[in-house]
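Listed here are the chains, written in short residue letters.
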Amino acid sequence: MNVSPGTRMHVLLTMVMVVCVVAGGACFGFAFGGWAGAAVGAGTTAMGVGLGGFFHSRIAMDPLPGVQADMVSEGIADVVVMGVALYEAAVFPVIPGGVSEREQRARRTLAYRLAAYDGLPRAVRLSAAGALEVIDEGLDKQRARTAVRELTLVVYDSRSGY
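Predicted model only: the values in this text are computed from it and were never measured.

## Details of the overall build of the chain
Each helix and strand in the chain was counted, giving five helices and zero strands. Reading the chain from its N end, one meets helices and strands in the order α-α-α-α-α. Within the chain, buried positions represent 24% of all 162 residues. In the chain, once contacts between residues fewer than 6 apart in sequence are set aside, the share between residues at least 24 apart is 60%. Here the chain has roughly 11,300 Å² of accessible surface; of this, 67% comes from carbon and sulfur atoms.

## Observations regarding the packing of aromatic side chains
All told, the structure shown has two aromatic pairs when counted by the stated rule. Between Phe28 and Phe32 the ring centres are 4.9 Å apart and the planes differ by 70°, which places this aromatic pair in the edge-to-face class. One end of the pair, Phe28, and the other, Phe32, are both in helix H1 (residues 5–60), four residues apart, so they sit about a helical turn from each other. This pair shows no difference in class: Phe28 is exposed, exactly as Phe32 is.

## Description of helix H4 (residues 122–137)
Given a rise of 1.5 Å per residue, 16 residues ought to cover 22 Å, and the 23 Å separating the end C-alpha atoms of H4 matches this to within 8%. Within the span of H4, buried status applies to Val124, Ser127, Ala128, Ala131, Leu132, Val134 and Ile135. When H4 is viewed along its axis, its buried side chains cluster within an angular range of 160° and face the same direction. Within H4, the exposed residues directed more than 90 degrees away from the buried face are Arg122, Leu126 and Glu133. Positive phi appears at Gly138, one or two residues downstream of H4, with a value of about 65°.

## Regarding a nonpolar patch on the surface
Taken together, the side chains of Met9, Leu12, Leu13 and Val16 present a nonpolar region at the surface, about 360 Å² in accessible area. Mapped onto the secondary structure, Met9 falls in helix H1. Looking at Met9, the relative accessible area reads 46%, which means it is partly exposed.

## Things to note about the nonpolar core
Formed by 23 residues in total, the largest nonpolar core has its most connected members in Val80, Val84, Ile135 and Leu151. Residue contacts for Val80: discarding those within four places in its chain leaves Leu114, Ala115, Leu120, Ala128 and Leu151.

## Considerations on the side chain of Gln104
With respect to the element layout, Gln104 can be found in helix H3 (residues 101–115). Sequence-distant contacts of Gln104, that is, excluding residues within four places in its chain, are made with Tyr87, Ala90, Val91 and Val99.

## Side note on the packing of H4 against helix H5 (residues 141–157)
Viewed as axis vectors pointing N to C, H4 and H5 meet at an angle of 170°, and their least axial separation amounts to 9 Å. In terms of orientation, H4 lies roughly antiparallel with respect to H5. Contact residues: Ala123, Val124, Ser127, Ala128, Ala131, Val134, Ile135 and Glu137 in H4; Arg143, Ala144, Ala147, Val148, Glu150, Leu151, Val154 and Val155 in H5. Classifying every residue of the contact of H4 with H5 gives 12 nonpolar, one polar and three charged.

How each quantity is defined
- Residues numbered from 1 in each chain as written.
- Predicted model: local features only at pLDDT ≥ 70, side-chain atom pairs only at ≥ 80, totals over all residues.
- Heavy atoms only, no water.
- Helix = DSSP H or I, 4+ residues; strand = E, 2+ residues; numbered from the N terminus.
- Buried < 20%, exposed > 50% of the residue type's maximum accessible area, 1.4 Å probe, protein only.
- Contact = heavy atoms within 4.5 Å.
- Areas by Shrake-Rupley, 256 points an atom, 1.4 Å probe, with all protein chains shown as cover.
- Phe/Tyr/Trp six-rings, centres within 6.5 Å; stacked < 30°, edge-to-face > 60°.
- Expected span 1.5 Å × (residues − 1).
- Arc of directions from axis to C-beta.
- Patch = residues over 30% accessible without salt bridge, like charges linked within 9 Å, V, L, I, M, F, W, Y side chains within 5 Å.
- Salt bridge = Lys/Arg side-chain N within 4 Å of Asp/Glu carboxyl O.
- Core = buried A, V, L, I, M, F, W, Y, C linked by side-chain atoms within 4.5 Å.
- Axes fitted to C-alpha atoms, helices over the stretch in contact; angles between N-to-C directions.
- Parallel < 35°, antiparallel > 145°, perpendicular 65-115°, else oblique.
- Nonpolar A, V, L, I, M, F, W, Y, C, P; charged D, E, K, R; others polar.

In C-alpha cells form, the structure reads like this:
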C-alpha cells in the first residue's frame, strides 16, 4: 500500500500524542495509588483516548459535501501565489547576485509544480502560468510584479466566500 508522507507523519504524531497521554494517565495514577493506580490510570486514559478517537473519526469521515475540497483548493491557491512570489524574488533579487542559480532553479521548479495542481480553479492556473511566463523572461521587474498582483487578485476572486 502506497501511503503519502503526510499521512505517515499524521499517524506518527497521533501515536506519539496517544502514548504521551496514556503515560500522563499512568503518572497521575501512580501519584495517587502507586503501581496499581498507575495501571488503572493508564488503562482508563487509554480507553478514553480510544473511544474519543472512534467517535471523532466518525464525525471526521462525514464532512459537509464539497466544503473540504473547496477549502483545500483555496489553500493551495494561496500557496501558489506564495510560490510564484518567491520565484519572482529569486529572479529579481534585492541585491544583484543575492540568489544562486541553484536556488533560483529550485524556486522555479516549485512554482511550476504548484501552479500545475489539478485541484486549482482554471482561472488561477491560467493566471499563474501567465505570471510564470513573465517572470521566466526576466526582463521587466515591474511587469512581473503586475503579473503576480493579477494572480493574487484572481485567487482572491476565486474564493467561494467562507
